[in-house]
Amino acid sequence: GMNQEDEDGDTPLDCLNKNGETPLDCYLNEEEFAEKDDHDGMLPLHHACENGYSDHLIRFLIQAYPKGIKTKDVFDMIPFDYYTSFQGKPRNDKIIALLKGEVRTFTQQHQIDMNTQNVDEMKTEMVGMKEELVSLKADIGEIKSDIVEMKRLLRSNVGG
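Residues numbered from 1 in each chain as written. Predicted model: local features only at pLDDT ≥ 70, side-chain atom pairs only at ≥ 80, totals over all residues. Heavy atoms only, no water.

Draft legend 1. Spatial organisation of the packing of aromatic side chains. For the structure on display, the rule yields one aromatic pair. Plain terms: the ring middles of F33 and F60 are 6.1 Å apart, the flat faces sit at 20 degrees to each other, and that makes the pair stacked. Of the two residues, F33 is situated in the loop between α2 (23-29) and α3 (44-50) and F60 in helix α4 (residues 55-64); the sequence distance between them amounts to 27 residues. Judged by relative accessible area, which is 6%, F33 ranks as buried. Under the relative-accessibility criterion, F60 is labelled partly exposed at 39%. (Phe/Tyr/Trp six-rings, centres within 6.5 Å; stacked < 30°, edge-to-face > 60°. Helix = DSSP H or I, 4+ residues; strand = E, 2+ residues; numbered from the N terminus. Buried < 20%, exposed > 50% of the residue type's maximum accessible area, 1.4 Å probe, protein only.)

Encoded structure:
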């Protein structure tokens, strides 16, 4: 909230007076700002939804802290509840879907794609490794029979 202090003991308003930044800039400059709640247990995402902030900001906050969509404040409200009850502007179906967790942000989807891609790559590598092992076993089999043959030859030479 407006009275929440940062590491330096400054509230967003102090930050505004000092640097000419908006309270939002102060939040955005802090690490893990999207995860910090106020005395009502409200995250920046709750506030953004309650006050009709831009859909871009809401999407950004969800990307910064995806668990925020499920976080309840002291009034037992999740951000979706605030977004759908705000009367000031038309609601965006895409944002509603994001807040409900029905669709993922680009960043989350990218992460999932990367993980899937990694799994596929690992599977391919493992198949390759299995093939290598099979051929190694075959090589070892051949080496063993070569050794047996050499021993036999050596014996027959020594004996002869």
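Draft legend 2. Just a nonpolar patch on the surface, in detail. A cluster of nonpolar side chains, namely L133, L136 and I140, defines an oily patch on the protein surface of about 280 Å² accessible area. Following the sequence through the fold, L133 ends up in helix α7 (residues 106-159). A relative accessible area of 52% places L133 in the exposed class. (Patch = residues over 30% accessible without salt bridge, like charges linked within 9 Å, V, L, I, M, F, W, Y side chains within 5 Å. Areas by Shrake-Rupley, 256 points an atom, 1.4 Å probe, with all protein chains shown as cover. Salt bridge = Lys/Arg side-chain N within 4 Å of Asp/Glu carboxyl O.)

Draft legend 3. Local environment of helix α6 (residues 93-100). For α6, the full list of buried residues reads I95, I96, A97, L98 and L99. If you follow the buried residues of α6, they end up packed against α3, α4 and α5 (79-85). The residue sitting at the N-terminus of α6 and contributing the capping side-chain oxygen is N92; that oxygen lies 2.7 Å from the backbone nitrogen of K94. (Contact = heavy atoms within 4.5 Å. Polar contact = N/O pair within 3.5 Å; in protein donor to acceptor, adjacent residues only side chain to side chain.)

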